Amino acid sequence: MNSTFKMHGGTIKNNTSNVGKGVYVAASSGGTGNQDGYFIMGGKACVGDWGSDGTLKDGNDVYLKENSDSGSPARIKIDKGKPITESKVACITPRDYVSGYIVVWMSDGSSVGAYTNKFTVTPKGTQTWSVDSDGTLKTP
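Residues numbered from 1 in each chain as written. Predicted model: local features only at pLDDT ≥ 70, side-chain atom pairs only at ≥ 80, totals over all residues. Heavy atoms only, no water.

1. Quick look at the overall build of the protein
Looking only at helices and strands, the protein has 0 helices and 12 strands in total. Put simply, the protein runs from its N terminus to its C terminus through helices and strands in the order β-β-β-β-β-β-β-β-β-β-β-β. Per-residue burial for the protein yields a buried fraction of 41% across its 140 residues. Of all intrachain contacts in the protein linking residues separated by at least 6 positions in sequence, the fraction that spans at least 24 positions is 74%. If you sum the accessible surface of the protein, you get close to 7100 Å²; carbon and sulfur atoms cover 46% of it. (Helix = DSSP H or I, 4+ residues; strand = E, 2+ residues; numbered from the N terminus. Buried < 20%, exposed > 50% of the residue type's maximum accessible area, 1.4 Å probe, protein only. Contact = heavy atoms within 4.5 Å. Areas by Shrake-Rupley, 256 points an atom, 1.4 Å probe, with all protein chains shown as cover.)

Next up, the structure:
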């Protein structure tokens with residue numbers, strides 16, 4: 001069984017940590033082996049204190065570590081049955097900044113294109129990153 005955190009409402013904000021100030025998503029080990037970790041968001045779920053200009057004010061992010069079982073990066077899954085309603089919901093900090101890594105996907109595998117603009121990506125140095133309409137990391 002996978003490790004899953006489901007959030008369908010509320011706000012995680014004003015936390016402090018070196019990595020993953022809001023949510024830290026990673027694989028877990030135990031039982032018969034490593035298990036993938038997932039963060040499922042829907043409804044009015046929000047990580048961080050977002051200004052009306054769409055800027056993250058408190059630095060609370062969602063850190064995506066790798067999943068040991070599949071070897072892929074951890075992901076945010078959008079609940080198709082209760083889709084995200086807020087205009088900005090999370091700033092993603094991937095462990096590895098690699099173009100083409102899937103970081104956001106829909107729970108039923110359908111297109112996430114209508115939701116990817118609700119996410120930002122923590123810059124890496126001077127390089128800016130974003131989530132494209134397929135839910136993958138990209139840099140301009």
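There's more to say after this.
2. Notes on the pattern of salt bridges
Under the defined criterion, the tally for this structure stands at 2 salt bridges. For Glu86, the salt bridge is made with Lys44, and the minimal N-O distance between the two is 3.2 Å. Placement of Glu86 in the loop between strand 7 (75-78) and strand 8 (90-94) and of Lys44 in the loop between strand 4 (37-41) and strand 5 (46-47) is noted, with a sequence separation of 42 residues between them. Asp53 is the salt-bridge partner of Lys57, the closest N and O atoms lying 3.7 Å from each other. Residue classification places Asp53 among the exposed residues on the basis of a relative accessible area of 54%. (Salt bridge = Lys/Arg side-chain N within 4 Å of Asp/Glu carboxyl O.)

3. Some thoughts on the nonpolar core
Phe39, Met41, Val47, Val62, Ile76 and Phe119 are the most contacted members of the largest nonpolar core, which has 28 residues in total. Secondary-structure elements contributing two or more residues to this core are strand 3 (23-25), strand 4, strand 6 (62-64), strand 7, strand 8, strand 9 (104-106) and strand 10 (119-121). Ignoring sequence-local partners within four residues, the contact set of Ile76 consists of Phe39, Met41, Val62, Leu64, Ile92, Val103, Val104, Trp105 and Phe119. (Core = buried A, V, L, I, M, F, W, Y, C linked by side-chain atoms within 4.5 Å.)

4. Topic: the packing of aromatic side chains
Across all of its chains, the model carries 4 aromatic pairs by this definition. Seen in terms of ring centroids, Phe5 and Phe39 are 5.0 Å apart; in terms of plane orientation they differ by 5°. Their pairing is stacked. Separated by 34 residues along the polypeptide, Phe5 in strand 1 (residues 3-7) and Phe39 in strand 4 bring together distant segments of the chain. A residue is classified by how much of its surface remains accessible, and Phe5, at 37% relative accessible area, is partly exposed. With centroids separated by 4.9 Å and ring planes inclined at 35°, the aromatic side chains of Tyr24 and Tyr63 adopt a geometry described as tilted. Of this pair, Tyr24 sits in strand 3 while Tyr63 sits in strand 6, placing them 39 residues apart in sequence. (Phe/Tyr/Trp six-rings, centres within 6.5 Å; stacked < 30°, edge-to-face > 60°.)

5. A short note on the sheet that holds strand 9
Strand order in the open sheet made by the 4 strands is 1-4-7-9, with parallel pairing throughout. Both edges of this open sheet fall to strand 1 and strand 9, since each of them pairs with a single strand only. Ignoring strand direction, the axes of neighbouring strands in this sheet form an average angle of 25°. Judged from the 4 bridges that link them, strand 4 and strand 7 form a sheet pairing that is parallel. (Pairing = 2+ DSSP bridges. Axes fitted to C-alpha atoms, helices over the stretch in contact; angles between N-to-C directions.)

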